[in-house]
Amino acid sequence: MYLVFRCDCGRAMYAKEGTARKKCVCGKNLKVKERRILVKTETAEEASEMVRKFQEEKYGGAVFTTADKI
Ligand SMILES: [Zn+2]
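Residues numbered from 1 in each chain as written. Predicted model: local features only at pLDDT ≥ 70, side-chain atom pairs only at ≥ 80, totals over all residues. Heavy atoms only, no water.

As recorded in an unreviewed UniProt entry, the protein goes by the name Protein MTH_1184, listed as coming from Methanobacterium congolense.

So this is what it looks like as structure tokens:
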């Protein structure tokens, strides 16, 4: 399983379940267990897809909300 979560800086990222720490691009070293998990996925591909969606949700909300109406 892969865990998708967000850094305090707002960036979404994922880590394989069991990973203790994950470093964000902002330089913060996150303890995965202490993060609120947004979603869990089976594969790394799905996890990276979810990260992309969460990034769009934050930075381009309109695009994200219309995507499921197609
Ligand atoms: Zn960060």
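Peer 1: Quick question: what am I supposed to make of the pattern of salt bridges here?
Peer 2: For side chains bearing opposite charge, pairing can occur when the charged atoms are close. Under the counting rule described, the total for this entry stands at six salt bridges. Its salt-bridge partner being D8, residue K28 comes within 3.5 Å of it at the nearest N-O pair. Of this pair, K28 sits in the loop between β3 (21-23) and β4 (29-31) while D8 sits in the loop between β1 (2-6) and β2 (12-16), and the two are 20 residues apart along the sequence. The exposure class of K28 is partly exposed, given its relative accessible area of 37%. Using a relative accessible area of 55% as the deciding quantity, one classes D8 as exposed. Put simply, R52 and E56 hold a salt bridge, and the shortest N to O gap is 2.7 Å. Taken together, the residues R52 and E56, both in helix α1 (residues 44-59) and four residues apart, mark about one turn of the helix. With relative accessibility at 27%, the residue E56 sits in the partly exposed group. Taken together, the salt bridges that share partners define one network made up of D8, K28 and R35. (Salt bridge = Lys/Arg side-chain N within 4 Å of Asp/Glu carboxyl O. Helix = DSSP H or I, 4+ residues; strand = E, 2+ residues; numbered from the N terminus. Buried < 20%, exposed > 50% of the residue type's maximum accessible area, 1.4 Å probe, protein only.)

Peer 1: Which parts of the structure should I look at to understand the environment of K31?
Peer 2: Secondary-structure assignment places K31 in strand β4. Residue classification places K31 among the partly exposed residues on the basis of a relative accessible area of 38%. Residues K31 and T19, twelve residues apart in the sequence, show an inter-C-alpha distance of 8.7 Å. Sequence-distant contacts of K31, defined by excluding residues within four places in its chain, comprise A20 and R21. (Contact = heavy atoms within 4.5 Å.)

Peer 1: What is the right way to look at the side chain of T41 in this model?
Peer 2: Mapped onto the fold, T41 is located in strand β5 (residues 37-41). At 3.4 Å, the side chain of T41 forms a polar contact with the backbone nitrogen of A47. Residues contacting T41, with those up to four places away along its chain left out, are M1, Y2, E46, A47 and M50. (Polar contact = N/O pair within 3.5 Å; in protein donor to acceptor, adjacent residues only side chain to side chain.)

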